[in-house]
Amino acid sequence: MRTLATILLAAAAYVAGAVPAFSRNAVSLGDASSKAVFGMGRGGGLFGGKGDKSEADAADGEKTTYPALSQEEIEEWLGHIPVFAVTDSKGSGVVLRPDNDTSVFYFFMSPQMANATLQTLKSSNEDMDLQISAFSLGKIWFKMLESTDSEVKLRAPGSDDEGLSTKGVQYRLVPDTRDLMGARMLLTMDPADGERLKAGEEFTVEDAQKAVQKAMSDAPKFKQNYNEIPVFMIQQMRLQKQAGEDGAADATAEPVNMLPMYFSLQNMVSTWQQFLGQAEGVKDVEPAINLLELHELVALMEKESEIDFRNTLLIPPVPMNPGGPEATPASTEVEQLSQMGGETLGDL
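Here is what the cut-offs are and how they apply
Residues numbered from 1 in each chain as written. Predicted model: local features only at pLDDT ≥ 70, side-chain atom pairs only at ≥ 80, totals over all residues. Heavy atoms only, no water. Helix = DSSP H or I, 4+ residues; strand = E, 2+ residues; numbered from the N terminus. Contact = heavy atoms within 4.5 Å. Axes fitted to C-alpha atoms, helices over the stretch in contact; angles between N-to-C directions. Parallel < 35°, antiparallel > 145°, perpendicular 65-115°, else oblique. Nonpolar A, V, L, I, M, F, W, Y, C, P; charged D, E, K, R; others polar. Left-handed = near helix turned anticlockwise from the far one by under 90°. Expected span 1.5 Å × (residues − 1). Buried < 20%, exposed > 50% of the residue type's maximum accessible area, 1.4 Å probe, protein only. Salt bridge = Lys/Arg side-chain N within 4 Å of Asp/Glu carboxyl O. Phe/Tyr/Trp six-rings, centres within 6.5 Å; stacked < 30°, edge-to-face > 60°. Lys NZ or Arg CZ within 6 Å of the ring centre and 35° of its normal. Core = buried A, V, L, I, M, F, W, Y, C linked by side-chain atoms within 4.5 Å. Polar contact = N/O pair within 3.5 Å; in protein donor to acceptor, adjacent residues only side chain to side chain.

1. Some words on the overall build of the protein chain
Piece 1. A count of helices and strands for the protein chain gives 11 helices and 13 strands.
Piece 2. Within the protein chain, contacts between residues separated by at least 24 positions form 80% of all contacts whose residues are at least 6 apart in sequence.

Next comes the structure, spelled out in structure tokens:
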């Protein structure tokens, strides 16, 4: 029997998945074939887990604090996340001017949304040789997204001239429309709807439309379509990273529990459902759902904290299958852990 929180989570992901993004052409990444092994966090705090030092200290009335992450550590933490932008054939970014006083450069979390923008630009600028390029989120975070006075040179796409130096270009990071809607819905969903679903009643098209309208009008956060990037997590989920990976010295040490954080609500739902199917004695566990905004999350990392951010892992989005979260195979633990290192994406 699925719990109320699990039903609400799946309903939010399903309805959000029904909201069209700029483009609905999903790219299949294939099925996850190997079996995942998940850990179960049982501590009282957001990142607490059974056997964690923080839990033992809490029992002694003491609090464990962890040092702030350096800029280099944050860049590495974000480094394996791809973002997408429209560039010319030489890889130079295309700056848009929605009005005479504003210059904007867009990075997209979704390659489909970046491609929709590309097609729109090509339809009105047929002579321009434009393409989609991938960039490392870690490499652009401080250099562009968090910079207010960076200088760039503007020139016509494909041009070899020196260009005109200027400041004040706005860099905007655009989340997937479906995940933005999912975040709004999690903040506004009525528990009564969950009780109806739990009792076996159908979630009709009319119910979905009402839920979407409520999310659009009543959500206290994630109201902008850019620079508000939802990050989803469930407190109880852990990925076990074996000691000895990434050059660790002691291969006999206990495995490290990593808390996965997701850009895609639907991916998190799929992983949670896989977790429930594999872990023993947790089928009726209420998932402790947490929702943070990426800029706020990075700001927390830059300070001393009771949260061990070094044992967290960002999971890149995986496109959802047409059947919704239950038809979308979750990445295996090995696949998710393998995404931790190796910055192979380009930089501006």
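What follows continues from the structure just given.
2. Digging into the environment of Lys63
Piece 1. Take Lys63: it is sitting in the loop between helix 2 (53-59) and helix 3 (71-78).
Piece 2. Linking Lys63 and Glu306, residues 243 residues apart in sequence, is a C-alpha distance of 7.2 Å.

3. Structural notes on the packing of helix 6 (residues 177-188) against helix 8 (residues 205-218)
Piece 1. Two elements in contact, helix 6 and helix 8, have axes separated by 8 Å at closest approach and are oriented at 90°. For the element pair helix 6 / helix 8, the angle class is roughly perpendicular. From helix 6, Met181, Arg184, Met185 and Thr188 reach across to helix 8, where they touch Ala211, Val212, Lys214, Ala215, Met216 and Asp218.
Piece 2. Split into classes, the residues belonging to the contact of helix 6 with helix 8 amount to six nonpolar, one polar and three charged.

4. Let's talk about the packing of helix 3 against helix 10 (residues 294-301)
Between two packed helices, what matters for the description is the angle formed by their axes and the separation of those axes.
Piece 1. Relative orientation of the contacting elements helix 3 and helix 10 amounts to 140°, with a least axis distance of 10 Å. One way to sum up the angle between helix 3 and helix 10 is to call them oblique. Judged by the sense of rotation from one axis to the other, the crossing of helix 3 with helix 10 is right-handed. In contact with Ile74, Trp77 and Leu78 of helix 3, helix 10 contributes Leu294, Leu297, Val298 and Met301.
Piece 2. Here the contact of helix 3 with helix 10 is composed, by residue class, of seven nonpolar, no polar and no charged.

5. Some remarks on helix 4 (residues 111-124)
Each turn of an α-helix holds 3.6 residues, which means side chains three or four residues apart point in the same direction.
Piece 1. End to end, helix 4 covers 20 Å across 14 residues, agreeing with the expected 20 Å (1.5 Å per residue, within 8%).
Piece 2. Within the span of helix 4, buried status applies to Gln112, Met113, Ala114, Ala116, Thr117, Leu118 and Leu121.
Piece 3. Buried residues along helix 4 sit in contact with strand 2 (82-88), strand 3 (96-99), strand 4 (102-108), strand 5 (130-136), strand 8 (170-174) and helix 6.

6. A few points about helix 6
Piece 1. With 12 residues, helix 6 should cover 16 Å at 1.5 Å per step; its first-to-last C-alpha distance of 17 Å lies within 8% of that length.
Piece 2. Buried residues dominate helix 6, accounting for nine of its 12 residues.
Piece 3. Considered for burial, the residues of helix 6 that qualify are Arg178, Asp179, Leu180, Met181, Gly182, Ala183, Arg184, Met185 and Thr188.

7. Here's the deal with the pattern of salt bridges
Piece 1. One pass over the full model with this rule turns up five salt bridges.
Piece 2. Among the ionic pairs, Lys63 bridges to Glu306, the shortest N-O distance being 3.8 Å. Placement of Lys63 in the loop between helix 2 and helix 3 and of Glu306 in the loop between helix 10 and strand 13 (312-315) is noted, with a sequence separation of 243 residues between them.
Piece 3. Across the salt bridge formed by Lys221 and Glu296, the nearest N and O atoms sit 3.1 Å from each other. You can see Lys221 sitting in the loop between helix 8 and strand 9 (230-234) and its partner Glu296 sitting in helix 10, a full 75 residues away along the chain.
Piece 4. The class of Lys221 is partly exposed, set by a relative accessible area of 28%.
Piece 5. Take Glu296: its relative accessible area is 39%, and that puts it in the partly exposed class.

8. Thoughts on the packing of aromatic side chains
The description of an aromatic ring pair uses the distance of the two centres, along with the angle that the planes make with each other.
Piece 1. Evaluated as defined, the whole model comprises six aromatic pairs.
Piece 2. Plain terms: the ring middles of Phe105 and Phe107 are 4.8 Å apart, the flat faces sit at 80° to each other, and that makes the pair edge-to-face.
Piece 3. When the centroid spacing of 5.8 Å and the interplanar angle of 85° are considered together, the rings of Phe107 and Phe135 count as edge-to-face. Highlighted residues: Phe107 in strand 4 and Phe135 in strand 5, separated in sequence by 28 residues.
Piece 4. Residue classification places Phe107 among the buried positions, given a relative accessible area of 0%.
Piece 5. Accessibility expressed as a relative area gives 3% for Phe135, which makes it buried.
Piece 6. Following the ring pairs from residue to residue traces out a cluster consisting of Phe105, Phe107, Phe135 and Tyr171.
Piece 7. Here Arg172 stacks its cationic end above the ring of Tyr226, 4.3 Å away from the centre of that ring.

9. What about the nonpolar core?
Piece 1. Within the largest apolar cluster, 33 residues are counted, with the highest numbers of intra-cluster contacts made by Phe107, Leu137, Trp141, Leu173, Phe263 and Leu294.
Piece 2. Breaking this core down by element, the ones donating at least two residues are helix 3, strand 2, strand 4, helix 5 (137-145), strand 8, strand 9, strand 11 (256-262) and helix 10.
Piece 3. Phe232, Tyr262, Leu276 and Ile315 belong to the second largest nonpolar core, which has 19 residues in total.

10. Some details on the side chain of Glu228
Piece 1. Relative to the elements of secondary structure, Glu228 occurs in the loop between helix 8 and strand 9.
Piece 2. Within polar-contact distance, the side chain of Glu228 engages the backbone nitrogen of Lys223 at 3.0 Å.
Piece 3. Non-local contacts of Glu228, meaning those with residues more than four positions away in its chain, are made with Pro175, Leu180, Phe222, Lys223 and Glu293.

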